[in-house]
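# Coordinates in review
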Amino acid sequence: MVRAVCGEQTYVEEYVDSVLQSGVTLQFGLAIGRLSSGSGRDVIFSLIPTPKNEGGDVARFEGEPPREIDKKKGIKGKSVTQTLQIDIDWVAEHARQVSKMLVGGIRVLGCFILASESVFKASAPLLWQTSKMVALALDEGSSKAALDDLLLLHFSFGPRRTLCRNCSFESGYGSSSIRPCEWKAAKMFSNLHCISCMYNFDCRVPIYANESSKQQLLDILLSAIAVEARLIESAVVLSDGCLVGEDKALIGDVDHKVDLLLPFESSRDYKNGAVTGLAMLSGSIQACAYGFSRDPWTRVIADLKADIIKSMKSRLEILRDEIDGMLQDQKVTAGGESSLNPLRQTENNAEFRYKLPRRLFFPWLEGVFLCDYLQEGESLQDVSGRIKELLNVDKSLQESEILEYEQDGAVKARSFWDVTAGIADTDEKSKQKVLNTSVVVSKNFVAIGVLSFLVLVLSVLATYFLGIRRILKG
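Below or above, wherever it landed, is the structure these notes cover. (Residues numbered from 1 in each chain as written. Predicted model: local features only at pLDDT ≥ 70, side-chain atom pairs only at ≥ 80, totals over all residues. Heavy atoms only, no water.)

Moving on to the packing of aromatic side chains. Applying the stated criterion across every chain yields a total of eight aromatic pairs. An angle of 50° between the planes, with centres 6.3 Å apart, marks the rings of Phe45 and Phe292 as tilted. Highlighted residues: Phe45 in strand β3 (residues 42–49) and Phe292 in strand β17 (residues 275–292), separated in sequence by 247 residues. As far as the burial class goes, Phe45 and Phe292 line up, both buried. Put simply, the rings of Tyr11, Phe45, Phe189, Phe292 and Trp364 pair up and form one aromatic cluster. (Phe/Tyr/Trp six-rings, centres within 6.5 Å; stacked < 30°, edge-to-face > 60°. Helix = DSSP H or I, 4+ residues; strand = E, 2+ residues; numbered from the N terminus. Buried < 20%, exposed > 50% of the residue type's maximum accessible area, 1.4 Å probe, protein only.)

Here is the structure:
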């Protein structure tokens with residue numbers, strides 16, 4: 001069956017028209033949208049051109065420079081002899097970064113290219129390979145057996161046409177790897193609504209001695225998230241005080257704030273072995289997902305739960321990238337020597353603590369909000385600049401437009417002794433104070449015990465002498 005796709009009239013077709021009117025003859029980027037539920041149409045909300053890399057434009061021609069464009073007849077002169085070059089690695093990294101900014105129900109659906117018909121036909125294998133690398137970047141860390149299909153949109157000029165194709169990655173490139181899709185344009189944002197909730201988490205997982213030199217702490221924390229994900233997926237949802245079930249088929253024409261009711265935590269699959277410490281991941285997540293009025297609740301709730309899990313993983317990945325970057329800078333400064341990243345090793349049992357990046361929300365298109373993460377040491381201006389670069393936003397966001405809901409979260413690791421003693425967060429002076437206090441309390445208990453014994457002896461003697469006195473009087 002042919003895949004059906006609908007493009008948002010304002011932010012897809014009219015955007016391409018404006019780019020062509022500016023004289024641009026080549027542009028490459030990402031298509032952002034929502035997959036259909038059932039047999040409906042997939043929706044493309046917006047096109048996001050991939051920004052320039054240090055080496056220049058992400059897509060460029062090698063060979064003869066572009067000729068003048070005739071809007072009716074196409075390119076004047078002979079056929080195009082240029083070779084298209086795409087910075088595939090940078091496109092894949094752009095897709096990975098943008099994916100972190102997307103909330104539940106909205107995702108990278110594929111790539112787009114604005115180019116002539118002849119350029120597209122000559123570059124089809126390269127475009128398929130680029131789409132595959134994007135699919136791999138989006139699938140990073142997933143346990144799925146196969147890559148998801150992606151869309152490839154081609155906007156041509158002379159004549160102006162829009163062609164949509166489906167890229168399949170089951171095998172190598174071939175005639176069946178790129179298939180045509182049915183395409184139409186329409187206004188889509190008016191029927192989109194938001195489902196949101198606040199989710200508090202406190203994940204804990206033991207660090208085993210026999211794995212401390214083999215397993216990175218990041219992997220241990222990801223395993224804790226996997227356990228938490230199973231709880232989230234089995235949770236039931238309350239909306240307006242009522243359980244969301246089969247009686248609520250559609251989400252309707254309003255936004256909803258919901259609550260997740262988690263099941264009682266079942267016994268975890270802990271294994272026998274010496275435990276050297278405990279890894280902990282705690283904080284809160286403001287989660288949201290978007291769906292159309294006639295989407296079933298089951299679909300939107302699945303997107304909301306997926307948003308929670310993805311946000312937890314994204315924070316760890318951002319923290320890992322940040323620390324790796326700092327250590328690389330230290331390595332260059334120190335002439336090649338650098339300390340180990342605690343998120344990449346567990347040999348050192350010393351306690352450490354990092355703040356998790358905090359999720360922020362910002363307006364995107366037509367009242368829809370996307371997100372970014374505020375890292376330690378960053379300002380809202382830094383976040384605004386990153387949004388402008390990665391999402392091709394025309395103007396910088398004002399601080400008042402960026403919404404903050406969450407409290408600070410943290411990732412921590414403690415040694416086994418600190419966990420069992422319960423005083424890991426105190427310094428040596430505080431620990432000594434605790435010990436001194438216990439000694440004083442013990443001495444007080446001894447004194448009380450001695451006094452109680454003396455009172456008991458005196459009362460026994462008094463009773464004895466009173467008895468003797470009564471006998472003598474009698």
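In this section: a nonpolar patch on the surface. On the surface, Leu451, Phe453, Leu454, Val457, Leu458, Leu461, Tyr464, Phe465 and Ile468 cluster together into a nonpolar patch covering about 920 Å² of accessible area. Here Leu454 lies in helix α9 (residues 428–473). (Patch = residues over 30% accessible without salt bridge, like charges linked within 9 Å, V, L, I, M, F, W, Y side chains within 5 Å. Areas by Shrake-Rupley, 256 points an atom, 1.4 Å probe, with all protein chains shown as cover. Salt bridge = Lys/Arg side-chain N within 4 Å of Asp/Glu carboxyl O.)

Attention shifts here to the environment of Val91. Take Val91: it is sitting in helix α2 (residues 88–101). According to the relative accessible area criterion, Val91 is buried, its value standing at 0%. Measuring from C-alpha to C-alpha, the distance between Val91 and Gly29 comes to 7.5 Å, with 62 residues separating the pair along the chain. Apart from residues no more than four positions distant in its own chain, Val91 is found in contact with Phe28, Leu30, Thr50, Val58, Ile86, Thr130 and Val134. (Contact = heavy atoms within 4.5 Å.)

All right, on to unusual backbone geometry then. A positive phi is found at Glu366, a non-glycine position, where the angle reads about 50°. Inspection of the secondary structure assignment puts Glu366 in the loop between β19 (358–363) and β20 (369–374). Residues other than glycine seldom take positive phi values, yet Asn392 does so here, at roughly 60°. Looking at the element boundaries, Asn392 is found in the loop between α7 (380–391) and β21 (403–404). Taking relative accessible area as the criterion, Asn392 reaches 36% and is therefore assigned partly exposed.

For the rest of this paragraph, the subject is the nonpolar core. By size, the foremost hydrophobic cluster in this structure holds 62 residues, and its most contacted members are Phe28, Ile32, Phe45 and Ile106. Broken down by element, this core gets its largest block of residues, six residues, from α2. Among all residues touching Ile32, those that are not within four sequence positions of it are Val43, Ile44, Phe45, Ser46, Ile48, Val98, Leu102, Ile106, Arg107, Val108 and Trp364. If you look at the next biggest cluster of nonpolar residues, it comprises 37 residues, including Val258, Leu260, Val300 and Ile308. (Core = buried A, V, L, I, M, F, W, Y, C linked by side-chain atoms within 4.5 Å.)

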